[in-house]
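Residues per chain are reported as follows:
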Amino acid sequence: MATPRPILIVEDDAALRSTLVEQLAIDGDFAADEAESAGEAEAKLANANARYDAILLDIGLPDADGRDFCAKLRREGRQMPIIMLTGADAEADIIRGLDAGANDYIAKPFRLPELLARVRAQLRVFDNSEDAVFTVGPYLFRPSAKLLMEPARNRKIRLTDKESAILKFLYRAGGKPVPRQILLNEVWGYNSAVTTHTLETHIYRLRQKIEPDPSHTRLLLTEAGGYKLDPVAGNPPA
Ligand code: CA
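In this numbering scheme, every chain counts its residues from 1 along its sequence in written order. pLDDT decides what is reported in this predicted model: residues at 70 or higher carry local features, side-chain atom pairs at 80 or more are listed and counted, and totals for whole chains, interfaces and linings draw on all residues regardless. Note: side-chain values were computed over all heavy atoms of the structure, leaving out hydrogens and water.

## Re the pattern of salt bridges
One speaks of a salt bridge when a side-chain nitrogen belonging to Lys or Arg is within 4 Å of a carboxyl oxygen belonging to Asp or Glu. Evaluated as defined, the whole model comprises 23 salt bridges. Note that D65 is salt-bridged to R67, the shortest N-O span being 2.8 Å. In this structure, the salt-bridge partner of R78 is E76, at a minimum N-O distance of 3.5 Å. Only protein chains enter the accessibility calculation, which uses a 1.4 Å probe; a residue whose area is less than 20% of its type maximum is buried, one above 50% is exposed, and one in between is partly exposed. R78 sits in the partly exposed class, given a relative accessible area of 24%. In this structure, a network of salt bridges that share partners links the residues E42, K72, E76 and R78.

## Notes on the sheet that holds strand β11 (residues 220-223)
One bridge is not enough; two strands pair if DSSP finds at least two bridges between them. Secondary structure elements are defined from DSSP: runs of H or I of at least 4 residues count as helices, runs of E of at least 2 residues count as strands, and each element is numbered from the N terminus. The strand order β10-β12-β11 describes an open sheet built from three strands, whose pairing is antiparallel. Each of the sheet's edge strands pairs with one partner strand only, and the pair in question is β10 (178-179) and β11. As paired strands, β10 and strand β12 (residues 226-229) are joined by two bridges and run antiparallel to one another. Bridging from a neighbouring strand, P179 pairs with G226 of β12. Two residues form a contact once any of their heavy atoms are found within 4.5 Å. Geometry is summarised by axes, namely lines fitted to C-alpha atoms with helices restricted to the contacting stretch, and by angles between N-to-C directions that run from 0 to 180 degrees. In the packing of helix α8 (residues 196-210) onto the sheet, the strands contacted are β11 and β12, and the crossing angle to β11 comes to about 145 degrees.

## Digging into the packing of helix α6 (residues 161-172) against helix α7 (residues 180-188)
In the contact formed by α6 and α7, the axes pass within 10 Å of each other and the chain directions differ by 125 degrees. Comparing the axis directions of α6 and α7 gives the class oblique. Where α6 crosses over α7, the handedness of that crossing is right-handed. Of the residues in α7, those touching α6 at K162, A165, I166, F169 and L170 are I182, L183, E186, V187 and W188. Here roughly perpendicular refers to angles of 65 to 115 degrees, roughly parallel to angles under 35, roughly antiparallel to angles over 145, and oblique to all remaining angles. Should the near helix be turned anticlockwise from the far one by less than a right angle, the crossing is termed left-handed; should it be turned clockwise, right-handed.

## Here's the deal with the coordination of the calcium ion
With water omitted from the atoms examined, metal sites may look incomplete; donors here are N, O and S atoms no farther than 2.8 Å from the metal, or 3.2 Å in the case of Na, K and Ca. Protein coordination at the calcium ion: the donors are D12 (OD), D58 (OD) and G60 (O), at 2.2 to 2.3 Å from the metal. Linear spacing of the donor residues for the calcium ion on their chain is D-x45-D-x1-G. Note that D12 is positioned in the loop between β1 (5-10) and α1 (14-27) and D58 in strand β3 (residues 54-58), a separation of 46 residues in sequence. Exposure remark for D12: the relative accessible area of 34% places this residue in the partly exposed category.

## Looking at the side chain of E11
For E11, the location among the structural elements is in the loop between β1 and α1. N or O atoms closer than or at 3.5 Å make up a polar contact, with two conditions inside protein: a donor-capable atom paired with an acceptor-capable one, and, for residues adjacent in sequence, both atoms drawn from side chains. A polar side-chain atom of E11 sits 2.9 Å from the main-chain amide nitrogen of D13. A polar contact of 3.0 Å, which involves the side chain of E11, links it to the side chain of K108. Beyond its immediate stretch of four places on either side in the chain, E11 contacts L16, R17, A35, E36, D58, L61, L85 and K108.

## Some points on the nonpolar core
Grouped together as the largest cluster of nonpolar side chains are 27 residues, with contacts concentrated most on I166 and L183. Of all the secondary structure elements, the ones that give two or more residues to this core are β6 (134-136), β7 (139-142), α6, α7, α8 and β12. Setting aside residues up to four positions removed in sequence, L183 forms contacts with I166, F169, L170, V178, L199, I203 and Y227. Within the second largest apolar cluster, 19 residues are counted, among which are L8, V10, C70 and A100. Definition of nonpolar core: a set of buried residues of the types Ala, Val, Leu, Ile, Met, Phe, Trp, Tyr and Cys, connected through side-chain atoms within 4.5 Å.

## A few points about the domain arrangement of the chain
It is common to report an interface's size as the accessible area lost on association of the parts. Considered domain by domain, the chain is made up of domain 1 (5-127) and domain 2 (134-229). Of note, the centres of domain 1 and domain 2, computed from C-alpha atoms alone, are 32 Å apart. Domain segmentation is taken from an automatic or database assignment of domains.

Pasting the structure below:
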């Protein structure tokens, strides 16, 4: 099963907020955290260990206009998808929200399946963008830069094209084993003459780079005739 993706819900309506948290937990793809004000959201985002893949942001917050808060987050360089929850679907409100850097909006009252579909759609776009960052064990993985950053030890690991492609494909598989032949086809192409031996060599080098102890692999595991990634292995306890 894929790791649930952390989502921050910023909404002052306590009933709506708890319904969203509950429903996202039932859905299983998301792990929701909540804030009732822009101030609380800001404090949560400022925590060095915090990571949110997307934000659901109410427009009418007690201490801020959600659109202004959205613009502030963009100015601070935060790139994750932001979906505005709007009270009124007045066109001007929506345009201002999108101008502030929101990726999408949904007018209240909304149906939950529609909200989830929009969150998924925005995450798909983001995952394929230059800005995408994934957590893999103790690392933050930026496929576009072919870079692993390990904040706890303040170090960076550079990956080759192929290593980055392997890691990205295994990450997308959501913790399920990927057969060698499929990985080979995905990374080198269906018509390549490369053999599984080449793949194994790349996996070996990748393990030397990312495994704290390459003789006892914890992140990149051999399983069921292929490989799988355990993206939560080696994470500091929450
Ligand atoms: Ca509100």
